[in-house]
Amino acid sequence: MASSSGPSLNEELQCSICMEVFTDPVTTPCGHNFCRTCLSKCWLNTQTCFCPLCKEKYRRRPDLKINTTLREVVKHLKEKLKLGESEVFCDFCDERKQKAVKTCLMCQSSYCETHLEPHLRVPRLKKHTLINAVENRENYICQKHERPLELFCRDDQTCVCLSCTEGEHRTHNTVPIEEESREKKNQLVQTQIDVYQMIQDRMKKIQEIQHSVELRKRNTDEEKSSSVEIFTGLIRSIERCQSDLLKMMEEQQKAAEKQAEDLIKELHQEITELKRRNTELEQLSQTDDHLHLIQMSSSLYSRPHTKNWTEIRIDSEVNSLKRALTELKKTLDETLNEKLSQTGMKFVQKFAVDVTLDPDTAHPHLILSDDGKQVSHGDVKQDVPENPKRFDESYCVVTKQGFSSGRFYYEVQVKGNTEWDLGVIRESINREGEITLSPEDGVWTVILRNENEYLACESPFVSLSLRVKPEKVGVFVDYEEGLVSFYDVESRSHIYSFTGQTFTEKLYPFFSPGDNDEGKNSNSLIITPVR
C-alpha cells in the first residue's frame, strides 16, 4: 500500500533477501518468510543458522517446508496483475500501432507519445481533459450531454458533467471527480488496513488452534500415563475400564484434531479470500483512473462479511478421565478409592502456586500476618483505610493473585478452628454487605460450622460426611474444565468437587476464619507450602 498508514500487500509478499515476490516461500520458526532458494543460499556456508531478518539463531537447522497458503496467495496476485494489464493502441498511427499513453475525453481518441504532442502544445487542445489510456472511452462521457464526466454528485452518488450541474443537479452537492476519488481512495486505504488486520487475526487464530491441539495432546499423553499407574495391579474389570477409557480419550483426541483441521481449513479459505480482496483493494487504491475507482469502490471498501472467530476455540483439556474416575468411585471398594485419591492428589499438587493475602480486601476485624500467609479474627475492629476492594460485612479476605486460565492449587492449615470458609471467588463479587455462598453468586466454597459440620456451598448446601477431621485442606481449580476440588491433604483423600462450572472472569483464592467466638475460634488459617 503506497501509504504510511499501512503496509503494502506487495511488500508483504516480497522476500527480504531478493526483494522480489516470493518463489516457493518457506517460514522460519520465528515467523518470517523467504524464498526457499534465497534462504538456502544464505545458510549454505554457515554452521549457525539464523533468521536474515530478525537475526534469531537456531540450535539446529530448521526443517523448512513450503508455506502452501502463502504460495497460493502469491500465485493469485501474479495472475491478477497479469489480468489487470491491458493494451490500448494509438488511434492515429498508420502502420505499426504504438501503445497509447493518454486518452482525450473531448476528442474521444487515444494517443501515443508522438501524436499526443499537439495536445501538450496547442492552447485550444491543452484545455481538453486527458486521462491515462483506456479502452472503454464511452464510460467517461456523459451519455446525455456528451461531455466529460468531471464532477461527482454526492446527493445522487453518481458522476456528472458540467451541463448536468446546470440542470437536474443544480442544487446538489457536487465536487470535482479528483476530490471524490481521493476521498474514496482514503476509504479504500482504511478498508485495506482493516482487511490486513483481519488476515493477521486469522493467522493468529490458526496458531492458537494449533497450540490448543498440541496442549491437548500433551495433556492426553500425561493423563494416559496417569491412568496406567492407577489401573496397574487392579482386577480384570478395572483393566477393562482402563482400555475403554483410553479408547474414548483417543477418539476424543481424533475428534478434536478433526475439528481443528476443519477450522484451520475454513480460516485458510477466509484468509485466501481476504488476501484476494486485499489485492483488488491494493490495485484500486493505486489507480489514477478516478472514475473506475469510484465505480468499483462502492462494492469493495466495506468490510467483508466473515465469521466471528473470537469465541471459537479448541478445548485443550481432557475431562473424560475425571468423569470416569468419578463413576469408578461409586462402584469400587475402599482400597481403590484410596488409591484414586492419592493419585489425584499427586496430580493436582503439580499445579501448586504461591499466593499471599491482600490486606486491601480484608474485613476490618481480620488480622493478617506480615508475610500475608496467615489470617485470624481479632475480635476488635482494626483502623484500616477505606478501599472499594474491602469486604465490609463478611469476615473474609482474598489473595493478591488472581487466575483467569489454566490450573492452580494451594493448601491451607485449618487445625484447631471451629469455623472456616475456603474456596475461590470471582473478581466482580459485591464487597458490600453479606456475601451469599453459592456458585450462582460467584462463590465456590467448602465450609466448617459448629466444629464438626462440613458443608459444600451448593444450592442447596450439601452435607459432607468425612471420616477424619481435616487439619490441612488443598484447593484445586481447573479454569477451562470448570472444576473446583477440595482435598484432605494429610489423609490424601478427596472431600468435594464443584463440576461443570463456567468461569468468565478472574478467580481469587478466598478465606474466612469465621467469628472469634470469645477465643474458641482464634486460630489462624495458614497458607502453607505444598510438599
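Since the structure is predicted, the reported quantities are computational estimates derived from the model, not experimental observations. (Residues numbered from 1 in each chain as written. Predicted model: local features only at pLDDT ≥ 70, side-chain atom pairs only at ≥ 80, totals over all residues. Heavy atoms only, no water.)

### Digging into the overall build of the chain
The number of helices and strands found in the chain is 10 helices and 23 strands. A buried classification covers 44% of the 531 residues belonging to the chain. Within the chain, residue pairs in contact and separated by at least 24 positions form 62% of the contacts whose partners lie at least 6 positions apart. Of the roughly 29,400 Å² that the chain leaves accessible, carbon and sulfur atoms contribute 46%. (Helix = DSSP H or I, 4+ residues; strand = E, 2+ residues; numbered from the N terminus. Buried < 20%, exposed > 50% of the residue type's maximum accessible area, 1.4 Å probe, protein only. Contact = heavy atoms within 4.5 Å. Areas by Shrake-Rupley, 256 points an atom, 1.4 Å probe, with all protein chains shown as cover.)

### Quick notes on the side chain of Gln253
Tracing the sequence through the fold places Gln253 in helix H7 (residues 236-285). Residues within four places of Gln253 in sequence aside, it is in contact with Val213, Arg216, Lys217 and Thr220.

### What to know about the sheet that holds strand E22 (residues 507-512)
Spatially, six strands are ordered E13-E22-E15-E16-E17-E18 in an open sheet, and the strand pairing comes out antiparallel. Only two strands of the sheet have a single partner each, and these edge strands are strand E13 (397-398) and strand E18 (462-464). Bridging between strand E16 (residues 443-449) and strand E17 (residues 453-456) involves four bridges; their strand directions are antiparallel. When the bridges of E17 are listed, Arg449 appears paired with Glu453. (Pairing = 2+ DSSP bridges.)

### Digging into a negative patch on the surface
Side chains of Asp379, Asp515, Asp517 and Glu518 sit close together on the surface and give a patch of like negative charge. Within the secondary structure layout, Glu518 lies in the loop between E22 and strand E23 (525-528). With a relative accessible area of 74%, Glu518 lands in the exposed category. (Patch = residues over 30% accessible without salt bridge, like charges linked within 9 Å, V, L, I, M, F, W, Y side chains within 5 Å. Salt bridge = Lys/Arg side-chain N within 4 Å of Asp/Glu carboxyl O. Lys, Arg positive; Asp, Glu negative; His and termini not counted. Charge placed at Lys NZ, Arg CZ, Asp CG, Glu CD.)

### Observations concerning the packing of aromatic side chains
Under the criterion given, the structure shown has 11 aromatic pairs. Ring geometry for Phe351 versus Phe476: centroids 6.0 Å apart, planes at 45°, classification tilted. With a gap of 125 residues between them, Phe351 in the loop between helix H10 (334-348) and strand E11 (366-368) and Phe476 in strand E19 (residues 472-478) connect regions that are remote in the sequence. With relative accessibility at 2%, the residue Phe476 sits in the buried group. (Phe/Tyr/Trp six-rings, centres within 6.5 Å; stacked < 30°, edge-to-face > 60°.)

### Let's talk about unusual backbone geometry
The linkage connecting Ser459 with the following residue, Pro460, adopts the cis geometry, with an omega of 0°. Note on placement: Pro460 falls in the loop between E17 and E18. Although it is not a glycine, Asn450 sits at a positive phi angle of roughly 55°. Of note, Asn450 is situated in the loop between E16 and E17. Of note in this structure, Arg492 is not a glycine but carries a positive phi near 55°.

### Things to note about the environment of Phe476
Between the alpha carbons of Phe476 and Val424 there is a distance of 9.5 Å; along the sequence they are 52 residues apart. The residues touching Phe476, leaving out its near neighbours within four places in the chain, are Val348, Phe351, Arg407, Phe408, Tyr409, Leu483, Val484, Ser485 and Tyr487.

### Brief notes about the sheet that holds E23
Spatially, E11-E12-E23-E14-E19-E20-E21 is the arrangement adopted by the seven strands of the open sheet, whose pairing is antiparallel. In this open sheet, the two edge strands, each paired with only one partner strand, are E11 and strand E21 (493-498). The mean inter-strand angle of the sheet, taken between neighbouring strand axes irrespective of direction, is 20°. For strand E14 (residues 407-413) and E19, the ladder comprises seven bridges, and the chain directions are antiparallel. (Axes fitted to C-alpha atoms, helices over the stretch in contact; angles between N-to-C directions.)

### Topic: the confidence of the model for the chain
It should be kept in mind that the predicted coordinates are not to be read in detail where pLDDT is low. Scored by pLDDT, the chain comes out at a mean of 84, with 86% of its residues at no less than 70. For residues 1-8, every residue scores under 50 in pLDDT, and the model assigns this stretch 18 contacts once sequence neighbours within four places are set aside. (pLDDT = per-residue confidence, 0-100.)

### Some thoughts on the nonpolar core
With 37 residues, the main nonpolar core has Tyr140, Cys159, Ile209, Leu291, Ile294 and Ile314 as its most contacted residues. The set of elements that each furnish at least two residues to this core consists of strand E8 (151-153), strand E9 (158-160), helix H6 (177-231), H7 and helix H8 (290-297). When residues in this core are grouped by element, the largest group, nine residues, is from H7. Once residues lying within four places of it in the same chain are set aside, the contact partners of Ile294 are Phe152, Cys159, Ile177, Glu180, Ser181 and Lys184. (Core = buried A, V, L, I, M, F, W, Y, C linked by side-chain atoms within 4.5 Å.)

### Regarding the pairing of E21
Counting buried positions along E21 gives five out of six residues, so the element sits mostly inside the fold. Summarising the sheet, strand E20 (residues 483-488) and E21 pair through five bridges and their orientation is antiparallel. Opposite Val484, over in E21, you have Phe498 as the bridge partner. The antiparallel hairpin formed by E20 and E21 contains four residues in its connecting segment, where Arg492 sits at a positive phi of about 55°.

### Section: the pairing of strand E12 (residues 374-377)
For E11 and E12, the ladder comprises three bridges, and the chain directions are antiparallel. The residue of E12 that forms the bridge with Leu366 is His377. The hairpin turn running from E11 into E12, its antiparallel successor, is five residues long, and Gly372 in that turn takes a positive phi close to 70°. Sheet analysis places E12 next to E23, joined by two bridges and oriented antiparallel. Residue pairing across strands places Val375 opposite Leu525, the latter belonging to E23.

### Brief notes about the environment of Asn521
Relative to the assigned elements, Asn521 resides in the loop between E22 and E23. In this structure, the C-alpha to C-alpha distance between Asn521 and Glu419, residues 102 residues apart in sequence, is 6.8 Å. Non-local contacts of Asn521, meaning those with residues more than four positions away in its chain, are made with Asn417, Thr418, Glu419, Pro513, Gly514, Asp515 and Asn516. For Asn521, the side chain forms a polar contact with the side chain of Asn417, separated by 3.4 Å. (Polar contact = N/O pair within 3.5 Å; in protein donor to acceptor, adjacent residues only side chain to side chain.)

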